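# A structural walkthrough
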Amino acid sequence: MNLKVRHSLDYSYDFPVELDSHTLYLYPRAYPHQRVLQYSLVIDPSPSNIVKNVDAEGNVEQVVHFFNGKVTSLKVFAEMTVCSDPVNVFDFVLFPFITKNIPFLYDNRIYKYLIPYLSRSEATTYVEQFARKIAAEVNWGTVPFLVELSKYISENFSYQNREFGVAYPPDDTLRDRTGSCRDYSRLFIAACRSLGIAARFVSGYLYGNPMQAHELHAWVEVYLPGAGWRGFDPTEGKVIANNHISLGASADFDQLAPVMGFFRGSARSSLETHVDIEVV
């Protein structure tokens, strides 16, 4: 199917400010089953220059430079059409075969690239105990663990719609049994890493869930030997198929805001965002 996304971000400042350079993560990542058919970006005030790069983690970043003097608003509007083909998400063979059960070790050739995605900085004892309980229930099978972990969070936690703010620490989300998609994803990542599974945070869009229809969504990708990066959505409780559009993936949960930058001046800012997704 072809998905058309319209994403607007309107920043307002109560006093005139000067805009520093901004980095935008508003261009879809490439996947074997997903490709961009059309893309446009409109920014007001019009920037002096837009530099399109690929960052250190393979995401498309658009660096926007302003030399417009003082302004009281910044408007960003991205429109894209993405072809998302049906995909059998379990069409892979874990190799070497020993990795079908956890814990396992990545081959040295792969491990050196996965180090940032294996950080245990948030894999507290509380989180690891939670992960081990889920793993034991599925006899320590790698894929069954990932499926069950996603399903468990979706079915046993209370969803909280929170558009802005940093994702809560995994311990807090686990203790309170509530959170947003960002919180669920941060917990999922910590649980995976506590058992030695490389995991990363993904930001993008989700089609088909009214709860996520007009805002950004977050989920997780894990690296499976023989399968590469595969997506799991603990908010949906499902494996990623063809209704998610990734804008960026990172080892860190707080580096993928659609618009990141600073302004100079004594002002308070406010933000209004809106996302529309439809099949075309």
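## Some words on the pattern of salt bridges
Counted by the stated rule, this structure contains 14 salt bridges. A salt bridge links Lys4 to Glu79, with the shortest nitrogen-to-oxygen separation between them at 3.9 Å. Here Lys4, found in strand S1 (residues 2–24), pairs with Glu79, found in strand S5 (residues 70–84); they are 75 residues apart in sequence, far enough to count as distant. Here the two residues Lys4 and Glu79 agree in accessibility, since each one is buried. In this structure, Glu221 engages Arg200 in a salt bridge whose closest nitrogen and oxygen atoms are separated by 2.7 Å. Taken together, the positions of Glu221 in strand S9 (residues 217–224) and Arg200 in strand S8 (residues 199–206) put the pair 21 residues apart, joining distant regions of the chain. Both residues of the pair, Glu221 and Arg200, belong to the buried class. Beyond isolated ion pairs, a larger network of salt bridges with shared partners links Lys4, Arg6, Glu79 and Glu278.

## Section: the packing of helix H2 (residues 125–137) against helix H3 (residues 142–156)
Contact geometry for H2 and H3: axes closest at 9 Å, N-to-C directions at 115°. Viewed along their axes, H2 and H3 form a crossing whose handedness is right-handed. Taking contact as the criterion, the partners of Phe130, Ala131, Ile134 and Ala135 in H2 are, on H3, Phe145, Glu148, Leu149, Tyr152 and Ile153. Here the residues of the contact of H2 with H3 sort into eight nonpolar, no polar and one charged.

## Side note on H3
The end-to-end C-alpha distance of H3 is 21 Å, a good match for the 21 Å that 15 residues give at a rise of 1.5 Å each. Of all the positions in H3, only Thr142, Val143, Phe145, Leu146, Leu149, Ser150, Tyr152 and Ile153 are classed as buried. As for H3, its buried residues are in contact with H2, helix H5 (181–194), S9, strand S10 (228–233) and strand S11 (238–239).

## Digging into the nonpolar core
Counting residues in hydrophobic clusters, the biggest one holds 45 residues, and the most contacted among them are Phe145, Leu146, Leu149, Phe188, Cys192, Ile197 and Val222. Among the elements of the structure, helix H1 (108–114), H2, H3, H5, S8 and S9 are those that each provide at least two residues to this core. Here this core takes eight residues from H5, the largest share from any one element. Of all hydrophobic cores here, the second largest spans 24 residues; its members include Val5, Tyr11, Leu19 and Ala78.

## Side note on the pairing of S9
Taken across its eight residues, S9 has eight buried, putting it largely inside the fold. Where S8 and S9 come together, six bridges link them in antiparallel fashion. Paired with Ala199 across the bridge in S9 is Val222. Relative to S10, S9 is paired through five bridges, and the arrangement is antiparallel. Bridging across to S10, Leu224 finds its partner in Gly228. Linking S9 to S10, which pair antiparallel, is a turn of three residues; within it Gly226 sits at a positive phi near 90°.

## Some details on the packing of aromatic side chains
Ring pairs (aromatic) are described by centroid distance and by the angle formed between their planes. Taken as a whole, this structure holds 12 aromatic pairs when the rule is applied. Centre to centre, the rings of Tyr152 and Phe157 are 6.4 Å apart; their planes meet at 75°, and the pair counts as edge-to-face. In this structure, Tyr152 and Phe157 share a single accessibility class: buried. Through a chain of ring-to-ring contacts, three or more aromatic side chains come together here, namely Phe104, Tyr106, Tyr117, Tyr223 and Trp229.

## Things to note about a nonpolar patch on the surface
A cluster of nonpolar side chains, Val93, Phe95 and Phe97, forms an exposed patch at the surface whose accessible area comes to about 360 Å². With respect to the helices and strands, Phe95 occurs in the loop between S5 and H1. Its relative accessible area of 54% is what places Phe95 among the exposed residues.

## Brief notes about the sheet that holds S10
Two modes of strand pairing occur in sheets, parallel and antiparallel, and in both the strands are linked by backbone hydrogen bonds. Pairing within the open sheet is antiparallel, and its five strands lie in the order S11-S10-S9-S8-S12. What marks the edges here is a single partner per strand, and that holds for S11 and strand S12 (244–250). Contacts from H3 reach S9, S10 and S11, with the element oriented near 170° to S9. Where H5 meets the sheet, its contacts fall on S8, S9 and S10, and the angle it forms with S9 comes to roughly 15°.

Reading guide: rules and limits
Residues numbered from 1 in each chain as written. Predicted model: local features only at pLDDT ≥ 70, side-chain atom pairs only at ≥ 80, totals over all residues. Heavy atoms only, no water. Salt bridge = Lys/Arg side-chain N within 4 Å of Asp/Glu carboxyl O. Helix = DSSP H or I, 4+ residues; strand = E, 2+ residues; numbered from the N terminus. Buried < 20%, exposed > 50% of the residue type's maximum accessible area, 1.4 Å probe, protein only. Axes fitted to C-alpha atoms, helices over the stretch in contact; angles between N-to-C directions. Left-handed = near helix turned anticlockwise from the far one by under 90°. Contact = heavy atoms within 4.5 Å. Nonpolar A, V, L, I, M, F, W, Y, C, P; charged D, E, K, R; others polar. Expected span 1.5 Å × (residues − 1). Core = buried A, V, L, I, M, F, W, Y, C linked by side-chain atoms within 4.5 Å. Pairing = 2+ DSSP bridges. Phe/Tyr/Trp six-rings, centres within 6.5 Å; stacked < 30°, edge-to-face > 60°. Patch = residues over 30% accessible without salt bridge, like charges linked within 9 Å, V, L, I, M, F, W, Y side chains within 5 Å. Areas by Shrake-Rupley, 256 points an atom, 1.4 Å probe, with all protein chains shown as cover.

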